[in-house]
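Per-entry structural report
Here's the letter readout for the chains.
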Amino acid sequence: MTQPTLTRSWVASANGHTDFPLQNLPLGVFSINGGAPRSGVAIGDSILDLHAAIDEFSGDARRAVEATAGGQLNAFFELGRGPRVALRERLLELLAEGSPLQTREAQVLHRAADCRMHVPAQINDYTDFYVGIEHAQNVGKLFRPDNPLLPNYKYVPIGYHGRASTIRASGADVRRPKGQTLPAGQTEPTFGPCARLDYELELGIWIGQGNEMGDSIAIGDAADHIAGFCLLNDWSARDIQAWEYQPLGPFLSKSFITTISPWVVTVEALEPFRTAQPARPEGDPQPLSYLLDKRDQAAGALDIELEVLLTTAAMREQNLPAFRLALSNSLHMYWTVAQLVAHHSVNGCQLQAGDLFGSGTLSGPQAGQFGSLLEMTEGGKKAVELPSGEVRKFLEDGDEIILRARCRREGFASIGFGECRGTVVAAR
Ligand code: CA
């Protein structure tokens, strides 16, 4: 499906909107005035209430809207590509300039600023991968300067099972966790608030149709099992992580909260921004055959600009704009999202509609492209200077991290993801 590049919307704020022009149409779950959560579509500065407009839909598009009932998108994700595309096509008609839906504006549109956004699905399982190769190298170098990547990295999409119960939508406070840490030079741990709190810039991947336990999703079919994308901040307590992670990986250093942007940017909206998976450097192994598909290699990568911004309490008091910590891109993924799906299910593990994957931190190779403070400060050795005169090695209470994403391509309308925000609050 080509993008209707030139079509304008009767929702005036959508035309040229940074994140949500007519060409995006992400789905989400919102509530208004304390009411029950319900499904909507972001259009400019507004939200289209899908159920208020339900009599405008028929056939597969109607089935899709019905599946978004109840304030969770799992059943909609489960329907897969056909109904999702039908819904998108009908929404493009309904929200385009000249549509009679405009006469019902007061009934079907809400100002986004009046709405509260929710996690859009019941997330039964959350898996965080580690496929940002520049991040893996940057972090690996801190520990093993001569041999930053472990021998499995270029064969296996590395991941671990994260905690689904503490995933929150953008805006939720980030309570500084407490835990065990091993102070430098000591042999016995101490207990207390995390002193090395960090963020991780990641892409979130929403699983659409799942698989039966015991079956695998073939690499050639894997793209059809993805419903959409969001931004994901994998908040990380580096001091807790350093002490607990061997031999089984991160545990309490990650499970206190994960923040996501609440809008599900669909596979279809991202179609113009797909590109070839970047060629592997000479000497790297080819993926094993269960991870290799010609079509996926030719068009399975995503070209999404990813940004991290910081404001501190002092910066907000001085009305200073948010400070950009990093500008990176999802092309730094060593594996495609289809490869993640194929790998996750290859042993017969059941994926379910509404499962969430994190990509792993998507850093670039250079300063200004690092997706965590761990990398920017080289493990807390170098301070980041802020426009307020403050410095940071790790996050302090009152600091707010904002993730943003933007897709641009000549000849197409740019789209964005909306924001993924979180403010650090003191340990309890
Ligand atoms: Ca992570």
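How each quantity is defined
- By convention here, each chain's residues receive numbers from 1 onward along its written sequence.
- Per-residue local features of the predicted model are confined to residues with pLDDT of at least 70, and side-chain atom pairs are confined, for both listing and counting, to 80 or more; whole-chain, interface and lining totals are unaffected and use all residues.
- Side-chain measures here rest on the full set of heavy atoms in the structure, leaving out hydrogens and waters.
- UniProt positions are given in the numbering used here, feature names are shortened, and annotations may be inferred rather than shown by experiment.
- Under the scheme applied here, a residue whose accessible area is under 20% of the maximum for its type counts as buried, over 50% as exposed, and between as partly exposed, the area being computed with a 1.4 Å probe on protein chains only.
- By the criterion applied in these results, polar contacts are pairs of N or O atoms within 3.5 Å in which, for protein atoms, one can donate a hydrogen and the other can accept it, and in which residues neighboring in sequence qualify only through two side-chain atoms.
- Only DSSP runs of H or I covering at least 4 residues are called helices, and only runs of E covering at least 2 are called strands; the numbering of each starts at the N terminus.
- Among buried residues, those of type Ala, Val, Leu, Ile, Met, Phe, Trp, Tyr and Cys that are joined through side-chain atoms within 4.5 Å constitute a nonpolar core.
- The contact rule is simple, with two residues in contact once any of their heavy atoms fall within 4.5 Å.
- Nitrogen, oxygen and sulfur within 2.8 Å of a metal are treated as its donors, or within 3.2 Å for sodium, potassium and calcium (Na, K, Ca); water is not counted, so a site can appear incomplete.
- Defined by distance alone, a disulfide is two cysteine sulfur atoms within 2.5 Å.

- The name recorded for the protein chain in an unreviewed UniProt entry is fumarylacetoacetase, from Pseudomonas extremorientalis.
- Listed in UniProt under the heading Sequence similarities (unreviewed entry), the comment for the protein chain reads: "Belongs to the hydratase/decarboxylase family."

**A word on the UniProt feature "binding site: substrate" (unreviewed entry) in the protein chain**
- According to UniProt, the positions carrying the feature "binding site: substrate" (unreviewed entry) are Tyr-130, Arg-144, Gln-241, Tyr-245 and Thr-361.
- Here Gln-241 falls in the buried class, since its relative accessible area comes to 17%.
- Side chain to side chain, Gln-241 and Arg-238 meet in a polar contact 3.0 Å long.
- Looking at the element boundaries, Tyr-245 is found in the loop between α6 (238–244) and β16 (258–260).

**Remarks on the nonpolar core**
- Membership of the largest hydrophobic core comes to 66 residues, with the highest contact counts inside it found for Phe-229, Leu-270 and Phe-417.
- With five residues, the top contributor of residues to this core is helix α10 (residues 337–345).
- For Phe-229, the residues in contact, after removing those within four places along its chain, are Leu-203, Gly-204, Ile-205, Trp-206, Trp-263, Val-264, Val-265, Val-267, Leu-270, Leu-302, Val-337 and Phe-417.
- Of all hydrophobic cores here, the second largest spans 43 residues; its members include Val-11, Ile-54, Val-264 and Ala-353.

**Brief notes about α10**
- Most of α10 sits out of view: nine of its nine residues are buried.
- For α10, the full list of buried residues reads Val-337, Ala-338, Gln-339, Leu-340, Val-341, Ala-342, His-343, His-344 and Ser-345.

**A short note on the coordination of the calcium ion**
- Those donors, Asp-128 (OD), Glu-200 (OE), Glu-202 (OE) and Asp-234 (OD), are the protein atoms that reach the calcium ion, and they lie 2.2 to 2.4 Å from it.
- In the primary structure, the donors to the calcium ion are separated according to the pattern D-x71-E-x1-E-x31-D. Note that Asp-128 is positioned in strand β6 (residues 126–129) and Asp-234 in the loop between β14 (226–233) and β15 (236–237), a separation of 106 residues in sequence. As far as burial versus exposure is concerned, Asp-128 and Asp-234 are alike and both buried.

**Some remarks on the state of the cysteines**
- Inspection of every chain in the model, using the stated rule, returns zero disulfides.
- Free cysteine Cys-115: the closest other cysteine sulfur is in Cys-420, separated by 19 Å.
- Not engaged in a disulfide, the cysteine Cys-194 finds its nearest cysteine sulfur in Cys-420; these two sulfurs lie 18 Å apart.
- Note on Cys-194: relative accessible area 3%, which makes it buried.

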